[in-house]
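Observations on the three-dimensional arrangement
The chain contents come next:
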Amino acid sequence: MTARIKRHSDRGRMRSRLCWTIVAWVVAIVFFFPVLWMVVTAFKPEPSAYTYPPTFSFHPTLSEFRQVFSRGVGTFLQNSAIATVGSTVIAVGLAAPAAYALSIRSVRKWRDGMFFFISTKMLPIVAAIVPLYVLARDLHLVDNIWVLILLFGAMNIPISVWMMRSFFLEVPTDMLEASRVDGAPLRRELLEIMLPVVAPGVAATALICVIFSWNEYFLALNLTATSAATVPVFLQGFITSEGLYYAKLAAAATLASLPVIAVGWIAQRQLVRGLSMGAIK
């Protein structure tokens, strides 16, 4: 009787796992389908991209990609890469000591400090674009890549502080006490003891900053023109009131998505480890 009950329980668990697996695959396919459709459309001739109902039967072509490259997408990709890397270095570099102070060291009214950081994300960026533009104009930074590096970095610091603080809280206190007994200075404690332990969390934070910076459109549109324009601004140039542009836009969007997808694929293990830190006690 006990063996029969156990077999019945095992079968129930297998059915439950199978159902959840099917649900997970269905959800993944639903979320991935727009990306798949974008890639497929990128290889269609322009007239085929406008057919209704849409069809998967067509002769693939690279002509749309060639037209995208002929419009100088490389310059925009370079600007996005410089702004993304520079702003990520600034955000992570400034957020690390701030998160350390708010997690390990005793700071008065640390909750107020954390709320201040996150409250800066509550302001709609459109409400601040005029003073930002005036400031950039007076500093001669309009259409300059440095204005994007500084603003993207400032934009990502609040979320970086919140994320990295949660990672620093997972560092064992015994390790910190041992380093202090050995006389380790503050700089060594942060750089040589804590950061290696929370490296997956730092990598996850950096990846989030990369995604936010790479996809930022509003600031790049209003503060750049030709010299420092990024990929999102380049994509907007394909939308016109006349003519066909679906396939070209899909090809440009596919090229714009590849760098972020590649970075996420390479860092996926660190991302999963970083985002799961502290999830299991």
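A brief look at the structure comes next. (Residues numbered from 1 in each chain as written. Predicted model: local features only at pLDDT ≥ 70, side-chain atom pairs only at ≥ 80, totals over all residues. Heavy atoms only, no water.)

A short note on the environment of Val-89
Looking at where Val-89 falls in the secondary structure, it is placed in helix α4 (residues 73-103). Taking the relative accessible area as the measure of exposure, Val-89 reaches 57% and is therefore exposed. For the pair Val-89 and Val-210, spaced 121 residues apart in the sequence, the C-alpha separation amounts to 9.7 Å. (Helix = DSSP H or I, 4+ residues; strand = E, 2+ residues; numbered from the N terminus. Buried < 20%, exposed > 50% of the residue type's maximum accessible area, 1.4 Å probe, protein only.)

Section: the packing of aromatic side chains
Going through the model one piece at a time under the given rule, you end up with 7 aromatic pairs. Ring centres of Phe-33 and Trp-37 lie 6.2 Å apart, and the angle between their planes is 25°; this geometry places the pair in the stacked category. Of this pair, Phe-33 and Trp-37 both sit in helix α1 (residues 2-42), 4 residues apart, which is roughly one turn of the helix. Relative accessible area serves as the criterion here: at 42%, Phe-33 is assigned to the partly exposed category. Measuring from centroid to centroid gives 5.3 Å for Tyr-245 and Tyr-246, while their planes differ by 90°, and the two rings are edge-to-face. Of the aromatic side chains, those joined through ring pairs into one cluster are Tyr-50, Tyr-245 and Tyr-246. For Arg-71, the ring lying beneath its charged end belongs to Phe-238, and the centroid distance is 4.2 Å. (Phe/Tyr/Trp six-rings, centres within 6.5 Å; stacked < 30°, edge-to-face > 60°. Lys NZ or Arg CZ within 6 Å of the ring centre and 35° of its normal.)

With respect to the packing of α4 against helix α7 (residues 145-168)
Contact pair α4 / α7: the axes reach a minimum separation of 6 Å and the direction vectors enclose 35°. At the point where α4 passes α7, the crossing takes the right-handed sense. The residue inventory of the contact of α4 with α7, partitioned by class, reads 21 nonpolar, 7 polar and 1 charged. (Axes fitted to C-alpha atoms, helices over the stretch in contact; angles between N-to-C directions. Left-handed = near helix turned anticlockwise from the far one by under 90°. Nonpolar A, V, L, I, M, F, W, Y, C, P; charged D, E, K, R; others polar.)

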